[in-house]
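Chain by chain, the residues run as shown.
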2 protein chains.
Amino acid sequence: MSIEKEQEIFADFIRSKKLKRSEQRQLIMEVFLKTEKHLTAEELYDMVKKKNPSIGYATIYRTMKLLTEAELCRELLVDDGVTRYEHLYDHKHHDHLICTECKTFIEIESPEIEALQEKIAKKNGFLLTKHRLDLYGLCRNCRS
Amino acid sequence: MSIEKEQEIFADFIRSKKLKRSEQRQLIMEVFLKTEKHLTAEELYDMVKKKNPSIGYATIYRTMKLLTEAELCRELLVDDGVTRYEHLYDHKHHDHLICTECKTFIEIESPEIEALQEKIAKKNGFLLTKHRLDLYGLCRNCRS
DNA sequence: ATACCTGCAAATGTTTTGCGACTAA
DNA sequence: TTAGTCGCAAAACATTTGCAGGTAT
């Protein structure tokens, strides 16, 4: 899975905002894009630190904010109080099935649920801007 | 709407856990139960402080944990990072429609959505323990 | 040369915890 | 009397920010 398109989008974003490219941002972006997981800032920090031991937490957070702004990343807030980051580019909207034991994230999609949500919002006079559906439970392995 | 039944449940809970009754817990419980809103710890603290100015934050948090254990309260985690508390006793399971502007919470219920969730969980081999559905948007008043 | 960036440490905001004094049982 | 409880201040935790020095354009 190539990450070139995303890198290009980020480069454009940096240029359009009159920001600068930097080694650190480049590295953090690569680590994030090459890992198809829902990573926490800490996990990202640990991975990036291996390639650049002088990196600071602040740079991780600041870069992830930029990637989020550039729509390459989505911040995921789950019930354990730690923000996770997931790929957004070329990913359809989806929700999550989360194993509370091993923290596996499975992405799910349900047009039927989305339709029902719209119906409920409409009935209550709301203009829906976003939603969040997390299903928590035990995965096949952790049920035993 | 009477709160006697809930008070009785809490008294039983306290007894069964070999804890003690106290003025502070009684007061916090009353303030919580008499307010049919989704309160934050801070809001609760402010309200309780009016009746007992010496109350501390820690007592609010500790008491709300007890009420949650006693199943009189549910902790609600929404995207602004602040925990809110809502009544649980005699309240059916429900989700929320939240106005991001005025922070109005509307409780919603959808057996159809719940059924679809179970179906998705089953398909993925998950044993569902809980879920969370928040719909964010603008309410009728805030749309203008 | 002029922004912008970085790492660090300090600050933030929410929630939890340790502790000595206090109080219900 | 002996647990449990309280309020306080300090700690914990994830995240953000100010700053002085460094870097891309």
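Values in this document were obtained by computation on a predicted structure and should not be read as measured data. (Residues numbered from 1 in each chain as written. Chains lettered and ligands numbered in written order. Predicted model: local features only at pLDDT ≥ 70, side-chain atom pairs only at ≥ 80, totals over all residues. Heavy atoms only, no water.)

S.K.: Just checking my understanding: could you explain the overall build of chain A for this structure?
M.R.: A tally of regular secondary structure across chain A gives five helices and six strands. Sequence-ordered secondary structure for chain A, helices as α and strands as β, is α-α-β-α-α-β-β-β-β-α-β. Along the first, second and third principal axes, the C-alpha atoms of chain A reach 50 × 45 × 30 Å. Counting all 144 residues of chain A, 42% fall into the buried class. Sequence-distant contacts in chain A: of pairs separated by 6 or more residues, those separated by 24 or more amount to 51%. Total accessible area computed for chain A in this model is approximately 8400 Å², and 50% of it derives from carbon and sulfur atoms. (Helix = DSSP H or I, 4+ residues; strand = E, 2+ residues; numbered from the N terminus. Buried < 20%, exposed > 50% of the residue type's maximum accessible area, 1.4 Å probe, protein only. Contact = heavy atoms within 4.5 Å. Areas by Shrake-Rupley, 256 points an atom, 1.4 Å probe, with all protein chains shown as cover.)

S.K.: Just to check I follow, could you spell out helix H5 (residues 111–123) of chain A for this structure?
M.R.: The α-helix advances 3.6 residues per turn, and as a result positions three or four apart in sequence lie on the same side. With 13 residues, H5(A) should cover 18 Å at 1.5 Å per step; its first-to-last C-alpha distance of 18 Å lies within 8% of that length. Every buried residue of H5(A) is accounted for by A:Ile113, A:Leu116, A:Gln117, A:Ile120 and A:Ala121. In a view along the axis of H5(A), the buried residues occupy a sector of 140°, so they form one face of it. Those residues of H5(A) that are exposed and angled more than 90 degrees off the buried face are A:Pro111, A:Lys119, A:Lys122 and A:Lys123. Check the buried side of H5(A) and you find it contacts strand S6 (127–138) of chain A together with strand S4 (95–99), strand S5 (105–108), helix H5 (111–123) and strand S6 (127–138) of chain B. A:Gly125 sits one or two positions beyond H5(A) and adopts a positive phi of about 75°. (Expected span 1.5 Å × (residues − 1). Arc of directions from axis to C-beta.)

S.K.: Any chance you could explain the layout of surface pockets here in plain terms?
M.R.: If a probe as big as a water molecule is rolled over the atoms, it shows which places are left empty. The computed volume of the largest pocket comes to approximately 550 Å³. Where the lining of the largest pocket is concerned, the elements lending two or more residues are strand S4 (95–99) of chain A together with strand S2 (73–77), S4, H5 and S6 of chain B. For the lining of the largest pocket, the element with the highest residue contribution is S6(B), accounting for seven residues. For the second largest pocket, the calculated volume is near 400 Å³. The wall of the second largest pocket is formed by 18 residues, among which A:Arg74, A:Glu75, A:Lys130, A:His131 and B:Asp79 lie closest to the centre. Mapped onto the lining of the second largest pocket, the elements with two or more residues apiece are strand S2 (73–77), S4 and S6 of chain A. Per element, the largest residue contribution to the lining of the second largest pocket is six residues, and it comes from S6(A). Looking at the lining of the second largest pocket residue by residue, the classes come out as five nonpolar, six polar and seven charged. (1 Å grid on protein atoms, 1.4 Å probe; cavity = no way out; pocket = protein on both sides within 12 Å on 5 of 7 lines; lining within 4 Å. Points joined across faces, edges and corners; volume = space filled by probe spheres on them. Nonpolar A, V, L, I, M, F, W, Y, C, P; charged D, E, K, R; others polar.)

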